[in-house]
Each structure stands twice: as structure tokens, then as C-alpha cells.
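# Coordinates in review
Listed below are the residues making up each chain.
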Amino acid sequence: FSKMAVETRDGPQLELEAAIGFNGHVISGLRVHPDREHLIYPLGCTVILKRIKDCKQEFLHGHTNNVSCISVSKSGLHIASGQVTFMGFKAMIIIWDYVQRSIYAELQLHQAKVEALAFSPNDKYLVSLGGQDDGSIVVWNIETKQAICGSPASPHSAGHCLTVQYSNTNENIFVSAGSGTLSVWELDLPNRKIRPTECQTGKLKRICMSSISEDDRFIFCGTTSGDIMKINLKTGLLSDCGPVKTKYSLGVNVLRMMKSGDLLVGSGSGTFTLCSSTTFKTLKFKLEKGVTSIALRGEGQQFFVGTEAAQMYRFSYQDFKPELISTSHNSAVKDVAIAFGTSELFATCSKEDIRLWHIDKPKELLRITVPNMTCNSLDFMVDGHSIISAWDDGKIRVFAPESGRVMLIIHNAHRMGVTAIAGTRDCKRIVSGGGEGQVRVWELQSRGHRLLETMKEHKATVACIKIKSDDKECVTASSDGACIIWDIVLQMVIANTMFRTVCYHPEEYQIITSGTDRKVAYWDVYDGSAIRELEGSKSGAINGMHISQDGKHFVTGGDDKLVKVWDYMDGVVTHMGIAHGGSITSIKICSNSRTLISTSADGAILRWRFPHPSSL
């Protein structure tokens, strides 16, 4: 019974091959690089560069927690990104060398969060704004990688500052805006000071976004009440305000000034409009969920829009019609299943939907939607003819993978929602687990289904079910702390952990379990005795694990956001994957051991190169 040490983050890193997902909650997180060929956007701890013409992705790794803001310099030579971190810790800003795709500088001064970043027009300075626990503005010299000076972001009478915008022509002028504050700042380099001048905004107080006209004459500000203000940059006085009749519902989230002088406006309710900067008259358009990013490509023939629903759209200036170019989950991904034998298709589920993806081209092939319900777990039947799924309304739903058509619904399968599901190899039976702790076996018939047996042993939610290859035995893990092996002869394995996940070793004489106690335990299937225990994680529960088909390696993922690949015999971590920004919810190795797919609570789906080719 040996305890083994867990590796630090310094070991070999897993290679990230593709990422499905976009953090649509980062305001102005979606950018177009000045080369006009790449989109730049955040997902978890990673900054993704995606080539527009063929969707090829590259990844900038370096942040230790979620990326909270992004800025791209006018020359395109640098990208800057800021992150969040824990209270009491300093949040990092990384300046990236775009050509080398490498870290140029790491800057740390702000507490807990970097709220916004802006480059000066000639790449000389970077201005950064800290989050509400920090409240300061800092100006950095890009060449020396040092801070020049800093200042509190807003006067004591005002609320939090939310955004900074640099002048388009003057290296020494930038603007900050926020709740009850709008200031024009001047950098006095010889004295290493920045000096604010408050603008007079009248009765409009809650500013959330600002954009500066090309010629630096006016600042345009969006407010949470759905107005747009036009302020003279030289005098700091309000020169105009609109729209008079119909305000933008749920506030203005983003503003972008076009070369033509018109404004592109995105609101919290998902309206995306082109609006005149003189009359504030609009050409309306509607999208789903709040608009959080507007990125111009070149002179504005095309623009890209990102939303809170984690969707990206492309618009052309001529017809102003949206083309959906990328979709991803915008709430926690609950489970992932890879089609058996082919390793070409995989499916993920979350609130309201199941989505099918092609493994090589991370593109959505099919979406099956069940409004207002959450899919907790899913599996492909081995023959590939159906997807079985467990839903929180107590129903088991079986769908056809090609069309998404419902083939069967088992009503009232479990009283407190269906929480786990698995199919037998012969494709004739389904084993399901529920919130009330019952495990049920269903027989699939040509016309309908039949309940074969109900096994009541668990006292709480059934979290995971795995079926042995001969279809005569299965193992279930529950949050009541028990792992039970069900057979014609009932045997039990019990330990004091809240189990979340369990796997059979391919040779099926051992199982491994894990859960909230952060341990990975090996058990003997025949007598239920514990063989070995490893420390699986330094912090947080383990939520998912899977064993390779040759049984030589297994993978784990959990609340520490790290993907770990383990050697089964040695009990050590061989590779680590750092990119998830949320707790890892599920993880699977494809059957040919080429790829590994992990999903997380922030809606991300990541595909990694599996580092150990199969020996089968």
C-alpha cells in the first residue's frame, strides 16, 4: 500500500492540438490582428491565434489563471494580455512578441485582476488598469519592460474604473472610463507622473465603454443605461448624446469607431447596430445573447463580433448580414464521449444541448437541443447507431448521431434526475444511475424498452458507471463514498471518499477510483481490497479519469484545472497539460491513443496529443 509523490508543474508538457471555445465574457476579447489574417481571443489561461482562412490555431501559453483582457498594438508587433488571480496575489500582464509567438515581458503590479490594457499609437507605452480590488492605473515602458508611473484610477467620489483607451495620435494622452468617472490623462514623462482631467458628463453616470475618434477630437462613451455620449476630448465637455427615443437595452457593452465616422455598437441584449456618430440613427441587427466584442478587419470591409453565448460572427459592411463562424458551449460541459473504434467523432453535453464534433476539424457537426433541461452524461453505443443520454428531468433520451432524431425516450427513469449512463457492448442494454442512488438496467427492444432490474445500495447520487467487456458485471461510483461492483454475486468496495469517477483496467482484475479526497486508489476486483493509493492532486477534487486501451497509462482531470497523464504501473505523472481556465469536468483518451479530449466548467473543449502511442 504505497503512497507516491505527485509531480510539480515543471515536468513535460502535453501538446495542445486544438481548442473549441471562446470566453465571450471578456469585453473586447475578440480582436483581429493588423495583418488581417488572424483572430486573437482568450480561452481559459490561453490566448488563441486563429488563422481566418483555414482556422488553423496557435496557442500562447504563459498565464496561470483566466485571461481577463487583451490588447493588440497598432503595429501588430505586440499583443498584451492580463489575467485574474487569487485575492492577495499579484495578477500578471504578459506582453507577447507576435512574430516569435513568445513571451516578450512579464509585468506584475496589480492586485487580483487586470481589468483593461491599451497600447500607445507607436508601441512605446502600455497602460494597464487593475480590477476593483486594485483600482490603479500604471503606464509601462515597453522597451525597458519597466513601470514608469502609476496613480489611483478614479477619484474617491466615483465608482470603479472599467476601461482604458489610448489616443490614436498622441503618445502622452489616454482616457479612462467607469462608473461615475471619465478622465483624460496626460503623461508627463520628465516628472514620471500621469495627471487626470475629469470630463463633465452631466447626469449620465454609469459608463462602461469608450472609443476615441480617429482624429482624436471626440470620445464616444456607452453607458449601462443604453445611451451613447459624445465628449470633446480637448475641453472635456459633453457635446451630444443619443439615441433619444430607443435606448440600447441592457446597456452598451462595446463601441467601435469606423473609418467612415460611423459607430458599431453592441448591447447587453444582443443587438448589434451600425449607428451614425452625428445623429445616432441606427440600422438594427439582432444576435443571440449579449455582444461583448467587435473587431474590425482592415478598413472595415469586414468585422467580427463575439457574444456571451461564445459565438463568433463575421459581418460584411455591404449587406450587414451575420455569418456564424464559430460556436462553442457557453456553460459547463458535463461529459464527453468518443465514438467507439473510429476516433473521428466525439460528443459533448451541457445545459440544453448535446453537440457532435469532428475530432480533426474542431467544428460542430450537429446540435441536439432540449430546452431548459441539462444533459448530465452521455455515451455512444458501440455499434455507432445511437447516442444514449442522461437528463436532469429524469428521462433517458436516445438519439441518432447522423440526424439528431429522437429514437427513444424512457420517461421517469430516475426520480431525482438521471446522473450517469453506460451502454453494454452487445448494444441491447443500458445501465443508468440516478440522483436518488438507484442503479437500473434497461433492455432495449425493437419497439420500446423494458426495465430489467433496480439495484438499491447507494445512498446518494450515482456519479459514474463502467461496464465490464463481457457485459456481466459493472462498477458504479457514488457521492455517498461507495464504489460498488454489481454482479450476479454482489460485492462491495467501500472507502471514505466521495467518489466521482471509476475505471476498469483493461485486463479487468483491477479498478481505479478517485474523487474529492484527491487520491487515486487501485482496488482488487475480486475481494475489494485496496492495492495502492496515489496523491492525484495537490488541490481540489478529481472529476474525471480514463485508462488507455493498452492499460499502460491513465489520465485525470479536476478542480486544479490540470490534465495529468499517469504511468499505471509506476504511479507517476508523465505529462501535464496547462490550459484550462475552469475545473475539468470530464476527460477521455480516444481508442487509437492518438488524442485526448478534456472539457471544463467554463465551456471549453480541448484536444491534446496523447504522448504515449498505443502498444496494442
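Bear in mind that the values here come from a model prediction, so they are computed numbers and not experimental data.

We now examine the sheet that holds strand E32 (residues 345-358). The 6 strands are arranged E31-E32-E33-E34-E35-E36 in an open sheet whose pairing can be described as antiparallel. A strand with exactly one partner marks an edge of an open sheet, and here the two such strands are strand E31 (335-338) and strand E36 (406-410). Recorded for the sheet is a direction-independent mean angle of 20° between the axes of neighbouring strands. Both strand E33 (residues 364-380) and strand E34 (residues 387-391) contribute to a ladder of 5 bridges, which runs antiparallel. Bridge pairing in E34 links Asp379 to Ile388.

A few words on the packing of aromatic side chains. Aromatic rings in a pair are described by how distant their centres are and how their planes are angled relative to each other. Here the structure, examined in full by the defined rule, presents 14 aromatic pairs. On the numbers, 5.9 Å between centres and 5° between planes, the contact of Phe174 with Trp185 is stacked. Taken as a pair, Phe174 in strand E16 (residues 173-178) and Trp185 in strand E17 (residues 181-188) lie far apart in primary sequence, 11 residues in all. Here the aromatic rings of Phe554 and Trp566 are separated by 5.6 Å at their centres, their planes lie at 0°, and the arrangement is stacked. With a gap of 12 residues between them, Phe554 in strand E50 (residues 553-558) and Trp566 in strand E51 (residues 562-567) connect regions that are remote in the sequence. A single burial state applies to Phe554 and to Trp566, both of which are buried. Three or more aromatic residues joined by ring pairs form one cluster here, namely Phe272, Phe303, Phe315, Tyr317 and Phe320.

A word on the sheet that holds E51. In a beta sheet, neighbouring strands pair by backbone hydrogen bonds and run either parallel or antiparallel. Spatially, the 4 strands line up as an open sheet ordered E49-E50-E51-E52, and their pairing is antiparallel. Across the chains shown, the open sheet's two edge strands, defined by having one partner strand only, are strand E49 (542-547) and strand E52 (572-578). The mean inter-strand angle of the sheet, taken between neighbouring strand axes irrespective of direction, is 20°. Looking at chain direction, E51 and E52 are connected through 6 bridges and run antiparallel. Across the sheet, residue Val563 finds its bridge partner in E52, namely Gly577.

With that out of the way, let us pick up the UniProt feature "repeat: WD" (unreviewed entry) in the chain. According to UniProt, the feature "repeat: WD" (unreviewed entry) maps to residues 107-150, 411-446, 455-488, 501-533, 535-576 and 577-616 in the numbering used here. Taken end to end, residues 107-150 has its terminal C-alpha atoms 13 Å apart, with 0% of it in helix and 64% in strand. A distance of 17 Å separates the end C-alpha atoms of residues 411-446, which is 0% helix and 56% strand.

The subject of this paragraph is the domain arrangement of the chain. Splitting the chain by domain gives domain 1 (102-327) and domain 2 (333-609). Its C-alpha centre places domain 1 at a distance of 44 Å from the equivalent point of domain 2.

For the rest of this paragraph, the subject is unusual backbone geometry. Cis geometry marks the peptide bond from Gly242 to Pro243; its omega dihedral reads -15°. Tracing the chain through its elements places Pro243 in the loop between strand E22 (238-242) and strand E23 (252-257). Its identity is not glycine, yet Lys145 carries a phi of approximately 65°, on the positive side. Examined against the element boundaries, Lys145 turns out to sit in the loop between strand E13 (136-141) and strand E14 (146-152). Overall, Lys145 belongs to the partly exposed group, its relative accessible area being 36%. Here the phi dihedral of Glu508 falls at roughly 65°; this positive angle occurs in a residue that is not glycine. With respect to the element layout, Glu508 can be found in the loop between strand E45 (499-504) and strand E46 (510-515).

Calculation notes
- Residues numbered from 1 in each chain as written.
- Predicted model: local features only at pLDDT ≥ 70, side-chain atom pairs only at ≥ 80, totals over all residues.
- Heavy atoms only, no water.
- Pairing = 2+ DSSP bridges.
- Helix = DSSP H or I, 4+ residues; strand = E, 2+ residues; numbered from the N terminus.
- Axes fitted to C-alpha atoms, helices over the stretch in contact; angles between N-to-C directions.
- Phe/Tyr/Trp six-rings, centres within 6.5 Å; stacked < 30°, edge-to-face > 60°.
- Buried < 20%, exposed > 50% of the residue type's maximum accessible area, 1.4 Å probe, protein only.
- UniProt positions renumbered as here; feature names shortened; annotations may be inferred.
- Domains from an automatic or database assignment.

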